[in-house]
Amino acid sequence: MRQPLLRPGAEELSYEIRGIVKKARQIEALGYEITWENIGDPIQKNNRVPGWMKEIIADLLQQDKTYGYADSKGVLETRHFLAQLNNQNGGVQISAEDILFFNGLGDAIAKLYQFLTPTARIIGPSPAYSTHSSAEAAHANTSPITYKLDPDNQWLPDVEDLYLKVRYNPSIVGILIINPDNPTGMVYPREVLESFVKIAEEFDLLLIIDEIYQNITYNGITAVPLAEVIGARPAISLKGISKEFPWPGARCGWMEFYNRDSSLEFSKLCQTLENAKMIEVCSTILPQLAIPRIMSHPAYHEYRQKANEAIGKRSEWMKEILGGIPGIKFNPTQGAFYNTIVFDESVLHAGQSLPVEDPRLEALLQTWLTDPKMPLDKRFVYYLLVAERICVVPISSFCSDLRGFRVTLLEEKEEVFKDTFRRLGRAIVRYLECGISLQ
């Protein structure tokens, strides 16, 4: 081309959660069935939307207003409803004017980083949810800056690591928190959230928190909303309905602005985000109209409670199956519906393999293993895909130096769930035993 088309940093945009699907589709084309553990889609894993929820949506479809535009910031009655939900917790109080709707949180995240100056960095967790880390890296034209989540301490953040990176990197203007966390399934205790706020106060930082899984916790754990501990600091909370209802295809998420007037720069950022949405006109209206009616329905609390209990039970099953396997670090999940399993250091080697009976699959696999710099966890993921037809995501693709993989806790059918993770557990043992024989 006459000129380069991509600006520096654009190639940082990647999404292995979807990218691994291309490999799995090649296996499907050979006549095999894939067990999908790569993405958090409850509908794909036999979750059934309750009839009363479908009735609400069907009724809305009969109303002409459902087919029109919404206010640019979102349906006003829905924003009032969500502001009230926040305010009843007793933390930072907001109004409908502090809420801005987007076409899913992916849209919101992209817009947020798009308008930051390239030198304004947001430090985020590692392992990192790739939508955040890729967007941050792309806006900054370089690799993302991260703080460590510790698999030896229940995936809690290494606060000292975060503090030192913030202290000695003046380009950092904000801290990203994901609570409950994706990809680890960890939930931050109140005191950890307070430590984030303390660091933000000392260095005058913006706080950004992804709370889309806030109401998906189990086994006695609850998630503390950031609004309860934020005090006077400027912050943005990212929320949505994709997993909670569940309605991922609705592509409906929103931002809540906390302490908007506490900082001129923050106020300008909020206004810029609103202006950007006005240029688009508005976000999709149907799911916005449904939110108050679904969340205030008499059956909603019980529905969410039972769904959380089911995920908690699957978390316990996973612990029973995988928790005692030598060579891995396993932490039971507390929230969301993901688990990240990490291999112990030095147990992975380039010569390890799993038996592949079909020569067509073996030939396909060899075309995937040509990169000598391939992370060793990705090599395991590819072998797992061809040997067991289980599709997971390598943790190296979550902006991490750790080596492992992410799975979901979404499969509703008990026998399918247990069979999947028993096969996965046996594959881990065989793969690591192969490594021992090579040493």
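A brief look at the structure comes next.

Conventions and cut-offs
- Residues numbered from 1 in each chain as written.
- Predicted model: local features only at pLDDT ≥ 70, side-chain atom pairs only at ≥ 80, totals over all residues.
- Heavy atoms only, no water.
- Buried < 20%, exposed > 50% of the residue type's maximum accessible area, 1.4 Å probe, protein only.
- Helix = DSSP H or I, 4+ residues; strand = E, 2+ residues; numbered from the N terminus.
- Pairing = 2+ DSSP bridges.
- Core = buried A, V, L, I, M, F, W, Y, C linked by side-chain atoms within 4.5 Å.
- Contact = heavy atoms within 4.5 Å.
- Arc of directions from axis to C-beta.
- Axes fitted to C-alpha atoms, helices over the stretch in contact; angles between N-to-C directions.
- Polar contact = N/O pair within 3.5 Å; in protein donor to acceptor, adjacent residues only side chain to side chain.
- Salt bridge = Lys/Arg side-chain N within 4 Å of Asp/Glu carboxyl O.
- Phe/Tyr/Trp six-rings, centres within 6.5 Å; stacked < 30°, edge-to-face > 60°.
- Lys NZ or Arg CZ within 6 Å of the ring centre and 35° of its normal.

1. Overview of the pairing of strand 9 (residues 253-258)
So, point 1. With six of six residues buried, strand 9 lies mostly within the body of the structure.
So, point 2. Two strands pair when backbone bridges link them, and strand 2 (residues 99-102) and strand 9 are joined in this way by four bridges, in the antiparallel orientation. Looking across to strand 9, one finds that Leu-100 is bridged to Met-255.
So, point 3. As paired strands, strand 8 (residues 235-240) and strand 9 are joined by six bridges and run antiparallel to one another. The residue bridging Gly-240 from the neighbouring strand is Gly-253, located in strand 9.

2. Remarks on the nonpolar core
Within soluble globular proteins, side chains that are nonpolar generally end up buried alongside one another.
So, point 1. Ranked by size, the top nonpolar core spans 77 residues in total, and within it Met-255, Leu-322, Phe-380, Phe-405, Leu-424 and Ile-428 carry the most contacts.
So, point 2. Here the element with the most residues in this core is helix 12 (residues 376-388); it accounts for eight residues.
So, point 3. Those residues in contact with Phe-405 that lie beyond four places of it in its chain are Asn-339, Thr-340, Ile-341, Phe-343, Phe-380, Val-381, Val-392, Val-393, Pro-394, Ile-395, Leu-424 and Ile-428.
So, point 4. In terms of nonpolar packing, the next biggest core, distinct from the first, is built from 60 residues, Met-53, Val-75, Phe-196 and Ile-291 among them.

3. What to know about helix 2 (residues 51-61)
So, point 1. For helix 2, the full list of buried residues reads Trp-52, Met-53, Ile-56, Ile-57 and Leu-60. Viewed end-on, helix 2 has its buried residues packed into an arc of 145°, placing them on one side of the element.
So, point 2. Structurally, helix 2 contributes buried residues whose contacts are with helix 9 (286-295) and helix 10 (300-322).

4. Here we look at the sheet that holds strand 2
So, point 1. The sheet built from eight strands is open, its strands ordered 2-9-8-7-6-3-4-5 with mixed pairing. Every interior strand has two partners, whereas the edge strands, strand 2 and strand 5 (156-157), have only one.
So, point 2. Here four bridges tie strand 7 (residues 206-210) to strand 8, and the two strands are oriented parallel to one another. Residue pairing in the sheet places Ile-208 in a bridge with Ile-236 of strand 8.
So, point 3. Along the sheet, helix 3 (residues 76-87) makes contact with strand 2 and strand 9, crossing strand 2 at roughly 120°.
So, point 4. Relative to strand 4 (residues 146-150), helix 6 (residues 159-167) is tilted by about 175°, and along the sheet it contacts strand 3 (121-126), strand 4, strand 5 and strand 6 (172-178).

5. Quick notes on the side chain of Lys-111
So, point 1. Topologically, Lys-111 is positioned in helix 4 (residues 105-114).
So, point 2. Of note is the side chain of Lys-111, whose polar atom sits 3.0 Å from the side chain of Asp-107.
So, point 3. In contact with Lys-111, other than residues within four places in its own chain, are Phe-102, Leu-273 and Glu-280.

6. Topic: the pattern of salt bridges
So, point 1. Counted under the stated rule, the structure contains 27 salt bridges.
So, point 2. Taking the shortest distance from any N to any O, the salt bridge between Arg-233 and Asp-204 comes out at 2.9 Å. With a gap of 29 residues between them, Arg-233 in the loop between strand 7 and strand 8 and Asp-204 in the loop between helix 7 (190-203) and strand 7 connect regions that are remote in the sequence.
So, point 3. Asp-204 gets classed as exposed once you look at its relative accessible area, which sits at 60%.
So, point 4. Salt bridges linked by common partners bring Asp-71, Lys-73, Arg-79, Glu-97, Arg-260 and Glu-274 together as one network.

7. Observations concerning helix 11 (residues 359-368)
So, point 1. Along helix 11, the residues classified as buried are Leu-361, Leu-364, Leu-365 and Trp-368. On an axial view of helix 11, the arc spanned by its buried residues comes to 100°, and they lie on one face. Helix 11 presents Pro-359 and Thr-367 as exposed residues on the side facing more than 90 degrees away from its buried surface.
So, point 2. Its side-chain oxygen at 2.8 Å from the backbone nitrogen of Arg-360, Asp-358 defines the N-terminal cap of helix 11.

8. Some points on the packing of aromatic side chains
So, point 1. By the definition in use, this model includes 20 aromatic pairs.
So, point 2. The interplanar angle of 45° and the centroid separation of 5.4 Å between the aromatic rings of Phe-101 and Trp-254 together place this pair among those described as tilted. Taken together, the residues span a long stretch of sequence, with Phe-101 in strand 2 and Trp-254 in strand 9 at a distance of 153 residues.
So, point 3. Linked through ring pairs, Phe-343, Phe-380, Tyr-383, Phe-405 and Tyr-431 together constitute an aromatic cluster.
So, point 4. Over the face of the ring belonging to Trp-317 we find Lys-418, whose NZ or CZ atom lies 4.7 Å from the ring centre.

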